[in-house]
Amino acid sequence: MAWWQGEVAAPAVPAPRVGDEPELLQAAQAGDPQAAHRLGRLCAQRGDRSAARHWWERAAVAGNVDSAYNLGIWHEKHGSLEEAVSWYERAAGRGDVEAAVNLATLLLEQRGDPDAARGWFERAARSGSRAAARRLALICEDAGELPAARQWHRRAAGEGDHASAHDLGFLAYACGDEAETARWWEHATRGGHADSAYHLGLLLQAGRDPESAEAYYRLAATSDHPGAASQLGGIALSRGDLRTARAWYERAANAGRLGDQRMAGFVCVELGDPAGASHWFGRAAAAGDPGSAFGFGLLLIAEYGDLAAGRHWFRVAALAGHHHAAVELGGLLSAAGEFAEAERWLSHPPPPGWDRVTEPELAARAELAAAATGRRGGVALAVHELSELLGTWDLVTRPLRDHTDVVRWLVERSGLHASAIEHFASVRGTLLRPGSSPWPSQGEVEHVLATARDLRRRLGVR
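Parameters and conventions
- Residues numbered from 1 in each chain as written.
- Predicted model: local features only at pLDDT ≥ 70, side-chain atom pairs only at ≥ 80, totals over all residues.
- Heavy atoms only, no water.
- Axes fitted to C-alpha atoms, helices over the stretch in contact; angles between N-to-C directions.
- Helix = DSSP H or I, 4+ residues; strand = E, 2+ residues; numbered from the N terminus.
- Parallel < 35°, antiparallel > 145°, perpendicular 65-115°, else oblique.
- Left-handed = near helix turned anticlockwise from the far one by under 90°.
- Contact = heavy atoms within 4.5 Å.
- Salt bridge = Lys/Arg side-chain N within 4 Å of Asp/Glu carboxyl O.
- Buried < 20%, exposed > 50% of the residue type's maximum accessible area, 1.4 Å probe, protein only.
- Core = buried A, V, L, I, M, F, W, Y, C linked by side-chain atoms within 4.5 Å.
- Expected span 1.5 Å × (residues − 1).
- Phe/Tyr/Trp six-rings, centres within 6.5 Å; stacked < 30°, edge-to-face > 60°.

(A) Main features of the packing of helix α10 (residues 162-174) against helix α12 (residues 194-206). Orientation of α10 relative to α12, taken along the N-to-C sense of each, is 25°, at an axis distance of 10 Å. Taken together, the axes of α10 and α12 are roughly parallel relative to one another. Considering the relative orientation of α10 and α12, their crossing is left-handed. Here His166, Phe170 and Tyr173 of α10 come into contact with α12, specifically with Asp195, Ser196, His199 and Leu203.

Written as structure tokens, this is what we have:
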């Protein structure tokens, strides 16, 4: 459909030339709708919006669909919503697909009428509009109509919409169909969709295929995906390649990721670069990361001998719940003779946090679950909490050779009630085998997290 400001390369009617104006005016006044449409375009190009509207109205009333569509745009930008809807309806009713999409969008986003919008999106989608098919798929998802959502996502993905292919991957993952998940993410990856390449890397990592996972992380990283840069930083670090690890972590850190800023700081420490470590620890600490605040305090004392600044950052970290920072702060206060505050920190420090490295396949499952729950405006579960849950179970059950009665074994060893261990096992099973039950709620995660920490405490492991 011809855009009234001349942005489409192939308009429905020839663009007017300056010398054509008298002929166009004469023909338009005589009732020629195409001449009136072209004259309206000429007026619009000259910035005379009022004249453009006048001639398009004459052309549209005489049956010119292009003019009706242009009037919809005109009123959307300069007039009223009611007039825009009216002109879009006129054009869409005569088969204009773009008008139907614009009309549906106005009805959904401006009038809040999803039922009417859905009808027009359907008409446009069935006429080949990829954008309409995707919008329709998302409407169906929000309504809980997942079979219909998949149908429209497939139509959009088949027309080249990589975001819909990515969504289809997550819908399949939530149902436990990892083969279909991989197919859709591979399809979108071939189209250059960085998130799909990254999530496919996580899926392969969860399936214990680290070499293939790394290949997809590298693909995603070519599009500056910060998560992929973080994963590649971890891979380089595991290989002892500190310089490469630093480069990747700094790429992720520059995207504002606090955990990667902290890791960049630690790698700088290992490389003997206190200035670089100060930069990254300082940025993350100022943004509220307690681990970075603790690291910054250690660095300021060890490298610069600045006890006052070190105490400040230990206190910041301790107040945010960092166990080691509280203990270090208590020690410094005792050495300075400030025994009352030192006793408060040393007698009741925050409980130790989870500072172990979770197995890569479990960390990948945690991140996939967080991404799946955060889709479509959902509340994403916290990756670090899910990693702690999965890592705790892996840690406390590691001595077992036979896991057939693991719940009873944990109950006997810990003294916790069987129902608490069973709930922990159920949530863990959902994270490892999506589709076996609905994703856990945030409240469930918090409840099971308390069980995991109690379990570690009772079994004497950290």
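(B) Molecular detail of the pattern of salt bridges. What the rule picks out here adds up to 28 salt bridges. Between Glu214 and Arg218 there is a salt bridge, with the nearest N and O atoms lying 2.9 Å from each other. Linking Glu214 with Arg218, this pair stays in helix α13 (residues 210-221), spanning four residues, or about one helical turn. Using a relative accessible area of 12% as the deciding quantity, one classes Glu214 as buried. For Asp224, the salt bridge identified is with Arg251, shortest N-O distance 3.1 Å. Residue Asp224 is located in the loop between α13 and α14 (226-238), and its partner Arg251 is located in helix α15 (residues 242-253); the two are separated by 27 residues in the primary sequence.

(C) Molecular detail of the nonpolar core. Core analysis: the largest hydrophobic core is formed by 48 residues, its most contacted members being Tyr88, Leu103, Trp120, Phe121 and Trp152. Setting aside anything within four residues of it in sequence, one finds Trp152 in contact with Glu122, Ala125, Arg126, Ala133, Leu136, Ala137 and Cys140. Of all hydrophobic cores here, the second largest spans 27 residues; its members include Leu300, Ala309, Phe314 and Ala325.

(D) Inspection of α15 at higher detail. The end-to-end C-alpha distance of α15, which contains twelve residues, comes to 16 Å, matching closely the 16 Å that a straight helix rising 1.5 Å per residue would cover. Within the sequence span of α15, burial applies to Ala245, Trp248, Tyr249, Glu250, Ala252 and Ala253. Its buried side turned inward, α15 meets α13, α14, α16 (258-270) and α17 (274-286).

(E) How the structure looks around the environment of Thr244. Relative to the assigned elements, Thr244 resides in helix α15. Note on Thr244: relative accessible area 30%, which makes it partly exposed. Through-space distance from the C-alpha of Thr244 to that of Pro349 is 37 Å; in sequence the pair is 105 residues apart.

(F) Representation of the packing of aromatic side chains. Counted according to the given criterion, the structure contains eight aromatic pairs. Geometrically, the ring pair formed by Tyr198 and Tyr217 is tilted, given 5.8 Å between the ring centres and 45° between the ring planes. One end of the pair, Tyr198, is in helix α12; the other, Tyr217, is in helix α13, with 19 residues separating them in the sequence. Look at Tyr198 and you get buried, because its relative accessible area is 3%.

(G) Looking closely at the environment of Asn64. Counting through the fold element by element, Asn64 comes out in the loop between α3 (49-61) and α4 (65-78). Placed 32 residues apart in sequence, Asn64 and Asp32 show a C-alpha to C-alpha distance of 9.8 Å. Asn64 has contacts with Pro33, Gln34, His37, Ala59 and Arg94, leaving out every residue within four places of it along the chain.

(H) Seen up close, the environment of Trp313. By the secondary structure assignment, Trp313 is in helix α19 (residues 307-319). Linking Trp313 and Asp224, residues 89 residues apart in sequence, is a C-alpha distance of 32 Å. Excluding its chain neighbours within four sequence positions, the residues that come into contact with Trp313 are Ala285, Ala286, Ala293, Phe296, Gly297 and Leu300.

(I) Geometry of the side chain of His166. Relative to the elements of secondary structure, His166 occurs in helix α10. Judged by its relative accessible area of 9%, His166 falls in the buried class. Every residue in contact with His166, bar those within four places of it in the chain, is listed here: Trp185, Ala188, His193, Asp195, Ser196 and His199.

(J) Spatial organisation of unusual backbone geometry. Its identity is not glycine, yet Arg208 carries a phi of approximately 60°, on the positive side. Topologically, Arg208 is positioned in the loop between α12 and α13. Relative accessible area serves as the criterion here: at 63%, Arg208 is assigned to the exposed category.

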